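# Structural features, examined
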Amino acid sequence: MSNIPVKDVTPPPAKQPQSMYEKRKKIYVREVEGLFQKIRTYSLWGLMLAYFGTAWLNWGDRQAVFFDLPARQFHIFGMTFWPQDFPLLAGILIICAYGLFTITNMAGRIWCGYTCPQSAWSFIFMWIEERAEGTRNQRIKLDKEKMSATKFRKKAIKHIAWLAVAFWTGVTFVGYFTPIRELIPDMLSFGMNSWGVFWMLFFTAATYINAGWMREQVCIYMCPYARFQSVMYDRDTLAVSYDENRGEPRMHRSKKKLAEMEAKNEKPGDCVDCSLCVQVCPTGIDIRDGLQYQCIGCALCIDACDSVMEKLDLPKGLIRYTTENELEGQKTHFFRPRLVGYAGILVLMIGGLIYSIVTRTPFELDIERSRGALYTVTANDTVKNSYYLKLMNMSQTAETYVLKVEGLDGATTNAPSEYELEVNDLEEVALTLELDPAEHPLATSKTTIEFVVTRKSSGEEVAREESRFIAPRQ
Ligand code: SF4
Ligand code: SF4
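The rules behind the values
- Residues numbered from 1 in each chain as written.
- Chains lettered and ligands numbered in written order.
- Predicted model: local features only at pLDDT ≥ 70, side-chain atom pairs only at ≥ 80, totals over all residues.
- Heavy atoms only, no water.
- Axes fitted to C-alpha atoms, helices over the stretch in contact; angles between N-to-C directions.
- Helix = DSSP H or I, 4+ residues; strand = E, 2+ residues; numbered from the N terminus.
- Parallel < 35°, antiparallel > 145°, perpendicular 65-115°, else oblique.
- Contact = heavy atoms within 4.5 Å.
- Nonpolar A, V, L, I, M, F, W, Y, C, P; charged D, E, K, R; others polar.
- Phe/Tyr/Trp six-rings, centres within 6.5 Å; stacked < 30°, edge-to-face > 60°.
- Buried < 20%, exposed > 50% of the residue type's maximum accessible area, 1.4 Å probe, protein only.
- Pairing = 2+ DSSP bridges.
- Near = heavy atom within 4 Å.
- Polar contact = N/O pair within 3.5 Å; in protein donor to acceptor, adjacent residues only side chain to side chain.

Two elements in contact, helix 1 (residues 35–54) and helix 4 (residues 117–133), have axes whose closest approach is 9 Å; the angle formed by their N-to-C orientations is 105°. Regarding the angle of helix 1 to helix 4, the classification is roughly perpendicular. Contact residues: helix 1 offers Gln37, Arg40, Thr41, Leu44, Trp45, Met48, Tyr51 and Phe52, while helix 4 offers Ser119, Ala120, Trp121, Phe123, Ile124 and Trp127. Here the contact of helix 1 with helix 4 is built from residues that sort into 10 nonpolar, 3 polar and 1 charged.

Bringing the packing of aromatic side chains into the picture now. Counted under the stated rule, the structure contains 27 aromatic pairs. Ring centres 5.9 Å apart and planes at 45° place the aromatic pair Tyr51 and Tyr176 in the tilted group. Here Tyr176 lies in the loop between helix 6 (149–175) and helix 7 (180–188) and Tyr51 lies in helix 1, a separation of 125 residues in the sequence. Taking relative accessible area as the criterion, Tyr176 reaches 9% and is therefore assigned buried. Taken together, Phe67, Phe74, Phe173, Phe177, Trp195, Phe198, Trp199, Phe202 and Phe203 form an aromatic cluster joined through their ring pairs.

Attention now moves to the sheet that holds strand 13 (residues 418–421). Ordered in space as 13-11-15-16, the 4 strands form an open sheet in which the pairing is antiparallel. The open sheet has two free edges, formed respectively by strand 13 and strand 16 (461–470), since each of these has just one partner strand. Averaged over all pairs of adjacent strands, the angle between strand axes in this sheet comes to 25°, irrespective of strand direction. Pairing of strand 11 (residues 399–406) with strand 13, which is carried by 4 bridges, proceeds in the antiparallel orientation. Paired with Thr400 across the two strands is Glu420, which belongs to strand 13.

Let us now look at the site of ligand 1. Surrounding ligand 1, one finds Tyr242, Cys271, Val272, Asp273, Cys274, Ser275, Cys277, Arg288, Cys305, Met309 and Ile319. Residue composition of the shell around ligand 1, by class: 8 nonpolar, 1 polar and 2 charged.

Contact geometry of helix 1 with helix 14 (residues 300–311) gives a least axis separation of 7 Å together with a crossing angle of 145°. Each of Leu35, Phe36, Gln37 and Arg40 in helix 1 lies in contact with helix 14, whose residues at this interface are Leu300, Ile302 and Asp303. The class makeup of the residues in the contact of helix 1 with helix 14 is 4 nonpolar, 1 polar and 2 charged.

A separate point is unusual backbone geometry. Peptide bonds are trans in most cases, and residues, glycine excluded, mostly fall at negative phi. Backbone torsion omega between Glu248 and Pro249 reads -5°, so that peptide bond is classified as cis. Residue placement: Pro249 occurs in the loop between helix 11 (244–247) and helix 12 (255–263). The phi dihedral of Arg215 falls on the positive side, at around 40°, and the residue is not glycine. By relative accessible area, Arg215 is classed as buried at 9%.

As for its placement among the helices and strands, Glu216 is situated in helix 9 (residues 216–222). The exposure class assigned to Glu216 is buried, which follows from its relative accessible area of 6%. A distance of 3.2 Å separates the side chain of Glu216 from the side chain of Gln217, its partner in a polar contact. Once residues within four sequence positions are removed from consideration, Glu216 is found in contact with Arg24, Ile27, Pro282 and Thr283.

Structure (structure tokens):
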């Protein structure tokens, strides 16, 4: 009797589901000194000073930069902008975007490394962290330790200082929308309005989380610029790069290894694999792996590597600002068509914007025809048209303006011809034009007319708007 063949059909153990989520590795950034760190320090502290200080600057009798939302006026260093100036704002935004394209094509992500608010606030938060918890190695050690009174004290100091900076950032932000000199007493007496409190807390929380906790995550995952910046790069774009030809083969300089290489008639590269360039990187990447979208172009790895080269008595610049062409031994073309095109358009746009601001008339005239009848014929056979006018003095001085109508000889009106307007005054006028067609015949039933406003003091024309005078067909 033979056994029946048995086949094992036990299902193999189910595969563990693969997680698509990579846990964040905390980055312990090492402080570094050098030329680029110095430039960065000046630019980022300068930016912070501008943000926190400008809110306290006065221009004339009001805050130099003040966005008065209820009055729909935006005061910027003596100039007042109105919602009607929205095209100017759109122009400024387009110029900023174009400026960013130009600068990226020229020198990579220097905006991110030296001027971006996320970099500026992260920089100050890291500076606080280093003072409260110590150097990189001390911080790593501290995080591994169990909670103790010392650890608690250090962490508490750091978070209190972070919250203080974040809170002042929120207060300053609201101070650009509510006069900051009134805001502080209101805040201290708990008299702030609820919107003010909301935005202050919102910006406090956003600053604390973004600069304290998320840091490089904002640059890597949230900032859209990181994703599309590569489109603006070309082979002549200056970028922080590692010179592979010079650095490889990387190796620690041990006598044994050097002897081994010599025996093989090989020469070591200049990179001693000290990993200092990785330790100083705020986004935790290794620039030796090539150009990466996570690189914010802060150049701290240049400073770190230069300090190593100096100690080894090797030429600096193993990591440096350079171009793809240069790294491959080819010529870098600074004046290339793409960059010249970007820069040319940028200059034209800036010129256009300056021209529009300088020639901007600080007066607004709005005209609407009456929504009722197109015209009325009176008992005396005269024809009347009604209009609704808005005259707004957007200049910085009180003025008397003269209003007249052109293109309708013989017409009379019920409205005064002169208007005294204080600064930012708005005058609404219900105006009627009346004409006797028997005495002043009209060539057509729809006559084009113009409302013209001049400054009484100088006679300068400040507004001219077209409208229609409608009469029955003859
Ligand atoms: S700092 Fe310079 S020498 Fe050190 S690992 Fe980086 S590239 Fe190599
Ligand atoms: S690799 Fe890191 S340290 Fe070097 S420039 Fe890029 S972000 Fe800065």
